[in-house]
Amino acid sequence: MKPKIKIRKVEKQDLDFVYKAICELENEILDFEVFETIFNENISNPKNLYLIAENEKEGLGFISFHTQNLLHHCGLVGEIQEFFIHQKYRGQGVGRLLINEILNYAEQHNLKSIEVTTNKKRVENVAIYENLGFTLSHNKFTIYK
């Protein structure tokens, strides 16, 4: 029997799980105090939706979703900022459950679109996002300071 997966909003006590996930995702150790400040600010912002997928024993993955009204869309647009599934749970539908929650939220809040960006070094993510229903429609340019 497949273990039951629960999706819920991220809470303050999920900080350590999310911190470790983002460090793994970015392949670096981030400043914990700065991370904690941003984490608390973001999960308390009503324009953001942070979700965690878990079974009875542990966190399996999480997704962060930020919304904003954009002039060029004449409405509310959402963007997935971080999306992480623990290595041992990839390919088991956990990501799809999280994306489905985002899609439901977008429908309930009449979002014009949902966007996601992936680093060029994560080549495999393009196929994953296309499989989840996203279309490769834009290029993103960045200046790092």
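Use the structure listed above.
First things first, this report covers the structure right here in the doc. Here the residue numbering is sequential within each chain, running from 1 through the sequence in written order. In keeping with the model being predicted, local features are shown solely for residues with a pLDDT of at least 70 and side-chain atom pairs are shown and tallied solely at 80 or more, while totals for entire chains, interfaces and linings include all residues. Only hydrogens and water are removed before side-chain values are computed, so all heavy atoms of the structure are retained for them.

**Here we look at helix 1 (residues 15–26)**
Here's step 1: In DSSP terms, a helix is any run of H or I states spanning at least four residues, a strand is any run of E spanning at least two, and both are numbered starting from the N terminus. Expected helix span is taken as 1.5 Å per residue step, with the number of steps being one fewer than the number of residues. Here helix 1 spans 16 Å end to end across twelve residues, near enough to the 16 Å set by a 1.5 Å rise per residue.
Here's step 2: In what follows, a contact means two residues having at least one pair of non-hydrogen atoms within 4.5 Å. Elements that come into contact with the buried residues of helix 1 comprise helix 2 (32–44), strand 2 (48–54), strand 3 (59–70) and strand 4 (75–85).
Here's step 3: Once helix 1 finishes, Asn27 follows within two positions and takes phi at roughly 55 degrees, a positive value.

**Describing the environment of Asn100**
Here's step 1: With respect to the helices and strands, Asn100 occurs in helix 3 (residues 94–108).
Here's step 2: Residues Asn100 and Val18 lie 82 residues apart in sequence; the distance between their C-alpha atoms is 20 Å.

**What to know about the sheet that holds strand 4**
Here's step 1: Here, a strand pair is defined by DSSP locating no fewer than two bridges between the strands. In spatial order, the strands read 1-2-3-4-5; together these five strands make up an open sheet with mixed pairing. Both edges of this open sheet fall to strand 1 (6–9) and strand 5 (113–116), since each of them pairs with a single strand only. Taken pair by pair, the neighbouring strands of this sheet meet at an average axis angle of 25 degrees, ignoring direction.
Here's step 2: With four bridges connecting them, strand 1 and strand 2 associate as antiparallel partners. In the strand pairing of strand 2, Lys6 is matched with Glu54. Angles shown run from 0 to 180 degrees and are taken between the N-to-C directions of axes, each axis being a line fitted to C-alpha atoms and, for helices, limited to the stretch in contact.

**Overview of the pattern of salt bridges**
Here's step 1: Counted as salt bridges are all cases of a side-chain nitrogen of Lys or Arg within 4 Å of a carboxyl oxygen of Asp or Glu. Applying the stated criterion across every chain, the model contains four salt bridges.
Here's step 2: A salt bridge links Arg8 to Glu54; its shortest N-O distance comes to 2.8 Å. Taken together, the positions of Arg8 in strand 1 and Glu54 in strand 2 put the pair 46 residues apart, joining distant regions of the chain.
Here's step 3: Judged by its relative accessible area of 16%, Arg8 is buried.
Here's step 4: Glu58 is the partner of Lys88 in a salt bridge, and the nearest nitrogen-oxygen pair spans 3.3 Å. Placement of Lys88 in the loop between strand 4 and helix 3 and of Glu58 in the loop between strand 2 and strand 3 is noted, with a sequence separation of 30 residues between them.
Here's step 5: Given the relative accessible area of 52%, Lys88 is considered exposed. Partly exposed describes any residue whose relative accessible area lies between the buried limit of under 20% and the exposed limit of over 50%, with all areas from a 1.4 Å probe on protein chains only and scaled to the type maximum.

As far as function goes, none of this settles anything; it's purely spatial.
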